[in-house]
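Remarks on the overall topology
Residues per chain, in single letters:
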Amino acid sequence: LNELGSPALRFGGNRLDRNLFWTSSGEDAPHSDAVVVQPEDLERLRKLTDATDAKVTLGLPLGDFDPDRGADMAAHAQQILGEALVAVSIGNEPNGYTVDGEPNHRLRDDSWDVDTYVEQVEVYASAVEDAAPGLPIAGPGAYDAEWMRGFAESSVADKAAVSQHWYALYDC
């Protein structure tokens, strides 16, 4: 990583919403396949950012609607990572939450749409603002312009970036 200069690290992806479980109190994860992330993990990440001058964008799970847990994760990240934390992103590819065909892929029922996403991300953003004031938020990390427009036009304060995931060969 030192050879890259000051790398930008993104922690997110499909498993963010499907298998990641944040806890700052040591509780057990509700799912046996969960990857448990705790403040100690962020402290190890801080050692890496210090050693490499890396900047971090950190995903907050949206798969299970839990804005208080997401805000707790954001607050710990802000405190531990400091200036290395560029932004948090709430969820990953929310426009894919109703996709069938792969185990654990479907996270929402057919009523899930852009408007519902915007409502939920606004609640998360408000909770994040209360717990980690001024922390920038990036999103939606979607592969559909309608969802990017929804995020861009939302009432989320401190928007840092509108992010897109482009899959040119998705239907290949």
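The shown structure was predicted, so the numbers you read here are calculated from the model rather than taken from an experiment.

Calculation rules
Residues numbered from 1 in each chain as written. Predicted model: local features only at pLDDT ≥ 70, side-chain atom pairs only at ≥ 80, totals over all residues. Heavy atoms only, no water. Axes fitted to C-alpha atoms, helices over the stretch in contact; angles between N-to-C directions. Helix = DSSP H or I, 4+ residues; strand = E, 2+ residues; numbered from the N terminus. Left-handed = near helix turned anticlockwise from the far one by under 90°. Contact = heavy atoms within 4.5 Å. Core = buried A, V, L, I, M, F, W, Y, C linked by side-chain atoms within 4.5 Å. Buried < 20%, exposed > 50% of the residue type's maximum accessible area, 1.4 Å probe, protein only. Salt bridge = Lys/Arg side-chain N within 4 Å of Asp/Glu carboxyl O.

This brings us to the packing of helix α2 (residues 39-52) against helix α3 (residues 67-81). Orientation of α2 relative to α3, taken along the N-to-C sense of each, is 35 degrees, at an axis distance of 9 Å. For α2 against α3, the interelement crossing comes out right-handed. Contacts between α2 and α3 pair P39, L42, E43, L45 and R46 from the former with M73, H76, A77, I80 and L81 from the latter.

Below, the discussion takes up the nonpolar core. In a soluble, globular protein the nonpolar side chains are often hidden away together inside. By size, the foremost hydrophobic cluster in this structure holds 36 residues, and its most contacted members are L58, L85, V88, I90, Y117 and I137. A per-element tally of this core places helix α4 (residues 114-131) first, with 8 residues. Beyond its immediate stretch of four places on either side in the chain, V88 contacts L58, L60, A74, L135, P136, I137 and A138.

Further remarks concern the pattern of salt bridges. Taken as a whole, this structure holds 5 salt bridges when the rule is applied. A salt bridge links D50 to R46; the shortest N-O distance between them is 2.8 Å. In this pair, D50 and R46 both sit in helix α2, 4 residues apart, roughly one turn of the helix. The partly exposed category is assigned to R46, whose relative accessible area is 28%. Taken together, the shared-partner salt bridges connect E27, D66 and R69 into one network.

Function cannot be inferred from these measures alone, as they are strictly geometric.
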